[in-house]
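# What the coordinates show
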Number of protein chains: 2
Amino acid sequence: MDPVSFPFAHRFDQVSGSAIREIFKVIAQPGMISFAGGNPSPDALPDQMVREIASEVLLANGKQLLQYGATEGYPPFVESLKQYVYEQLHCDIPAILPVTGSTQAMDLLCKAMIDPGDTILVENPSFLGNIQCMKLYQANLVPVESDDSGLLIDDLEQKIIQYHPKMLYTIPTFQNPSGKTLPADRRKKIAELANQYHVIVAEDDPYRDLRYEGSSLPAIKSFDREGWVVFLGSFSKIISPGLRVGYVAGHPDVIRKCTVGKQSTDVHTANLNQAVVDQFIRRNLLPDHIRSICAGYGEKMRFMLKKLSEFPGEVHFTHPEGGLFIWAELPEHMNALKLLPQAIEKKVAYVPGTHFCVNGGHENTIRLNFSNSSMEQIETGMDILNQIISNNL
Amino acid sequence: MDPVSFPFAHRFDQVSGSAIREIFKVIAQPGMISFAGGNPSPDALPDQMVREIASEVLLANGKQLLQYGATEGYPPFVESLKQYVYEQLHCDIPAILPVTGSTQAMDLLCKAMIDPGDTILVENPSFLGNIQCMKLYQANLVPVESDDSGLLIDDLEQKIIQYHPKMLYTIPTFQNPSGKTLPADRRKKIAELANQYHVIVAEDDPYRDLRYEGSSLPAIKSFDREGWVVFLGSFSKIISPGLRVGYVAGHPDVIRKCTVGKQSTDVHTANLNQAVVDQFIRRNLLPDHIRSICAGYGEKMRFMLKKLSEFPGEVHFTHPEGGLFIWAELPEHMNALKLLPQAIEKKVAYVPGTHFCVNGGHENTIRLNFSNSSMEQIETGMDILNQIISNNL
């Protein structure tokens, strides 16, 4: 085939989609210990439960599940989901839309709200997939300063005044990639600023149920008065990412725009997948399942933190109370990108933190995932990383 | 909740999403005979086959199916799909991407190619969902003239020269809503014009297998030399729309951009849904299943055409050889929008053709679906429509 130069849209000018692609190819090599992904542990994936439920719902209601569904969602799921989210967030949820994974929630929210050049305030570092999403909507991404507990409210307010942003994108609980959790008083303040300055807050909270220590915190959404906070939820971490079921909840006008966008995005989320999650909720299977996931992940997280405490004192790291990730900062002069080939040669993979940084930089940072490795792999892999870092001090 | 005025994106300025919403609410009324939707017949939905396959693939490979998958698709499905599409189109398919229904194929192709203000040439009338998609990408939609066999090549070339379009969107086989099928010589000519003038052709071909008369025609894609034709395929009409599995096939550079767009749109199409379609292909279940669907739909189409031949001579209609729709033109002075309440009062629903027209107008047209009604419903419903139209001549 001759080389052809296609006239691609300008929204791709800043997006290559390849940032961590090569790393994920490497992970697939046999014998690799991977701290790189954000995958649930295979133990946490309830394949037998899904199999039984899929069989039962297809027997009971197969024709309806295989037919076109409403963009607004599979009606029994919309009903159970509304109740579930109400119990999760302890606040009124006036409108909710099931979506094809919470990544689609962000895509639809950007489709609803973002014109090219609009400013979105973001945590820095933040979730790579949604940074790419916002860049494809040609948003102007402006980082807000954080401390060990997440976003700094003073800097947030100053940047709102300075940039008149359309949106703030935040992962307040066990943030990806930092593992940080925003305290309740800052959550309340964010909701107040959103209402005062008329800024949409995209509250992305997929890790909320993966808490291994401390107590649950109120959602930013629970402090919202007028509807400026939009809550993005997911069943990827507590049932299965492969099923692609999430939701977006918020003001009816915002959810309505997301729904119209979804009509011509994928018409509706697959009915079978919605029906499976619906049964997890209706049969009250989630509390026990989440407890069992958290027991395993909590043990791994504490062990990885213990192993990090054996690293040279110049290495700093976050102390998450849940989620999937720990964020480590090496001494300033070290470059995690350049150390990666040494680690991979010894069969250990991680993601250099610079990939999560909106404007690059921060080459001395690393994101470490603990959920998808065994205790033995954490022991071996962290010893290898410790050695590589110590050798390069 | 107080009324709030949210700063929605300008891409929604021309899109309300509500055009045929009210009609579809009406269809749900008990006792309604609906010629309005484009739904498969419940008889055509293989719920028991899907149930057995879902159970088997989850037993054999449940952990992998519930885990995150690659944006590029579930590897066994990509393999079987490539072979399947090759056999369908009799041409080399250098790259293919499984998507969440072929509606997503169009969304990703527009994401890859269309900047605001770019011109897209379209058939008029055309598929409502994708018209909305193109409008949300703020494209300038320019209709191309058709005759009884579809797009007129002379008008197409003249409009290419006049408007320098980025894309042509066409449904060449059993078009929605007109039921028209483009002859082979025009298909070849479209591929040649696309290569000559460097225009992307979005060849949307979801009805291809639903042929009840005549012989299969080569895809526009099969005449493509350089890769300007992108083929959008679907399993919605031959397995199940509720599963949301389709594909986009074409030049590797174009498919790569669609893949990067998909990374931040829904990460990947649900693995279970891809695995189910994969097994339909691998077990060679489609030929028999399609034959059985076509037998039933063909009988319904012929009966609806016979009933239309009993209408007053002033009513003209298309004579499709397959698909799901017949398009009828009432006398110029009649308005299908205004007749609809009379039909609904007598428990018959259809979609006024104006909703499928890019710039409105054509109020004397009607789209009729035959697949989702029984023979008895077609008899009763068409007699009622005949009477209403005769009374309003």
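Criteria and thresholds
Residues numbered from 1 in each chain as written. Chains lettered and ligands numbered in written order. Predicted model: local features only at pLDDT ≥ 70, side-chain atom pairs only at ≥ 80, totals over all residues. Helix = DSSP H or I, 4+ residues; strand = E, 2+ residues; numbered from the N terminus. Buried ≥ 20, exposed ≤ 12 C-beta atoms within 10 Å, placed from the backbone. Contact = placed C-beta atoms within 7 Å. Least-squares fit on C-alpha atoms with pLDDT ≥ 70 in both. Axes fitted to C-alpha atoms, helices over the stretch in contact; angles between N-to-C directions. Parallel < 35°, antiparallel > 145°, perpendicular 65-115°, else oblique. Pairing = 2+ DSSP bridges. Nonpolar A, V, L, I, M, F, W, Y, C, P; charged D, E, K, R; others polar. Right-handed = clockwise from strand over helix to strand, strands pointing away. Expected span 1.5 Å × (residues − 1). Domains from an automatic or database assignment. Left-handed = near helix turned anticlockwise from the far one by under 90°.

### Focus: the overall build of chain A
The number of helices and strands found in chain A is 12 helices and 15 strands. Principal-axis analysis of the C-alpha atoms places the extent of chain A at approximately 60 × 60 × 50 Å. Counting over 393 residues, chain A shows a buried share of 52%. Considering only contacts within chain A whose residues lie at least 6 apart along the sequence, 76% involve residues at least 24 apart.

### Let's talk about the relation of the copies chain B and chain A
Expressed as a screw transformation, the operator carrying chain B onto chain A has a rotation angle of 180° and an axial translation of 0.0 Å, and the superposed copies differ by an RMSD of 0.0 Å. The operation mapping one copy onto its partner corresponds to a two-fold rotation axis. For chain B, the residue whose C-alpha comes nearest the rotation axis is Ser 55 of chain B, separated from it by 3.1 Å. Comparing interface residues between copies, 99% of those in chain B also lie at the interface in chain A; the contact surface is shared.

### Some details on the packing of helix H4 (residues 102-113) of chain B against helix H8 (residues 252-263) of chain B
Geometry of a packed helix pair, given as the angle between the helix axes and the separation of the axes. Residues and elements named next belong to chain B. Interhelical geometry of H4 versus H8 gives an angle of 105° and a closest axis separation of 9 Å. Accordingly, the angle class assigned to the pair H4 and H8 is roughly perpendicular. Contact with H4, carried on its side by Leu 108, Leu 109, Lys 111 and Ala 112, involves Val 254, Lys 257, Cys 258, Gly 261 and Lys 262 of H8 and no other residues of that element.

### Remarks on the sheet that holds strand S11 (residues 316-317) of chain A
All names here are of chain A. Strand order in the open sheet made by the four strands is S11-S12-S15-S14, with antiparallel pairing throughout. On the outer flanks of this sheet lie S11 and strand S14 (351-352), each paired with one strand and no other. In the sheet, S11 pairs with strand S12 (residues 325-329) via two bridges, with the strands oriented antiparallel. The partner of Phe 317 across the bridge, within S12, is Ala 328. Contacts between helix H10 (residues 286-309) and the sheet are confined to S11, S12 and strand S15 (365-369), with S12 contributing the most and set at about 10° to the helix.

### Observations regarding the interface of chain B and chain A
At the junction of the two partners, chain B supplies 68 residues and chain A supplies 67 residues. Sorting the residues of the side of chain B that touches chain A by element identifies helix H2 (47-66), H4, helix H5 (128-136), H8 and helix H9 (271-282) of chain B as the ones contributing at least two each. Of the residues forming the side of chain B that touches chain A, the biggest block, 11 residues, is contributed by H2 of chain B. Each residue belonging to the side of chain B that touches chain A can be placed in one class, and the counts come to 31 nonpolar, 24 polar and 13 charged.

### Re the pairing of strand S4 (residues 140-144) of chain B
All names here are of chain B. Pairing of strand S3 (residues 119-123) with S4 involves five bridges; the strand directions are parallel. Within S4, the residue paired with Ile 120 across the bridge is Leu 141. For the crossover that starts at S3, traverses H5 and ends in the parallel S4, the hand is right-handed.

### Re helix H10 (residues 286-309) of chain B
Residues and elements named next belong to chain B. Under the 1.5 Å per step criterion, the end-to-end length of H10 is 33 Å for 24 residues, consistent within 8% with the ideal 34 Å. Along H10, the residues that are buried comprise Ile 293, Tyr 297, Lys 300, Met 301 and Met 304. Elements that come into contact with the buried residues of H10 comprise strand S12 (325-329), strand S15 (365-369) and helix H12 (375-391).

### Focus: the environment of Leu 152 of chain A
All names here are of chain A. Position of Leu 152 relative to the elements: it lies in the loop between strand S6 (150-151) and helix H6 (153-163). In this structure Leu 152 comes out as partly exposed when scored by C-beta crowding, with 15 C-beta atoms within 10 Å. Along the sequence, Leu 152 and Ala 95 sit 57 residues apart, while their C-alpha atoms lie 30 Å from each other. The residues contacting Leu 152, other than those within four sequence positions of it, are Val 144, Glu 145, Ser 146 and Asp 147.

### What about the sheet that holds strand S7 (residues 167-170) of chain A?
Residue and element names in this part refer to chain A. Read from one edge of the open sheet, seven strands run S2-S10-S9-S8-S7-S3-S4, paired in mixed fashion. Two strands lie at the open edges of the sheet, namely strand S2 (95-99) and strand S4 (140-144), each paired on one side alone. For this sheet, the mean angle separating the axes of adjacent strands, direction not counted, is 20°. With four bridges joining them, S7 and strand S8 (residues 200-204) adopt parallel strand pairing. Within S8, the residue paired with Leu 168 across the bridge is Val 201. Together, S2, strand S9 (229-234) and strand S10 (246-250) form the strand contacts of helix H3 (residues 75-89), whose direction differs from that of S2 by roughly 115°.

### Quick look at the domain arrangement of chain A
Residues and elements named next belong to chain A. Here chain A is partitioned into domain 1 (11-46 + 287-391) and domain 2 (50-284). Placing the centre of domain 1 and that of domain 2 at their C-alpha centroids yields a distance of 25 Å. Listed per partner, the contact involves 33 residues of domain 1 and 33 residues of domain 2. For the side of domain 1 that touches domain 2, the secondary-structure elements that each account for two or more residues are H10 and S12. Among the elements that line the side of domain 1 that touches domain 2, the one with the most residues is H10, at eight residues.

### Some words on the packing of H3 of chain A against helix H9 (residues 271-282) of chain A
Residue and element names in this part refer to chain A. In contact at an axis separation of 9 Å, H3 and H9 are set at 45° when each is read in the N-to-C sense. With respect to their mutual orientation, H3 and H9 come out oblique. Note that H3 runs across H9; the crossing there is left-handed. Of H9, the residues touching H3 (which contributes Pro 76, Phe 77, Ser 80, Leu 81 and Tyr 84) are Gln 274, Ala 275, Val 277, Asp 278, Ile 281 and Arg 282. In the contact of H3 with H9, the residues fall into seven nonpolar, two polar and two charged.

### Here we look at the pairing of S15 of chain B
Residues and elements named next belong to chain B. Within S15, five of the five residues are buried, which leaves it mostly tucked inside the rest of the structure. Side chains Thr 365, Arg 367 and Asn 369 of S15 all project onto a buried face; the interleaved residues Ile 366 and Leu 368 project onto the opposite face, where all are buried too. Pairing geometry for S12 and S15, over five bridges, is antiparallel. Looking across to S15, one finds that Ile 326 is bridged to Leu 368. Note that strand S14 (residues 351-352) and S15 share two bridges and pair antiparallel. Across the sheet, residue Val 351 finds its bridge partner in S15, namely Arg 367.

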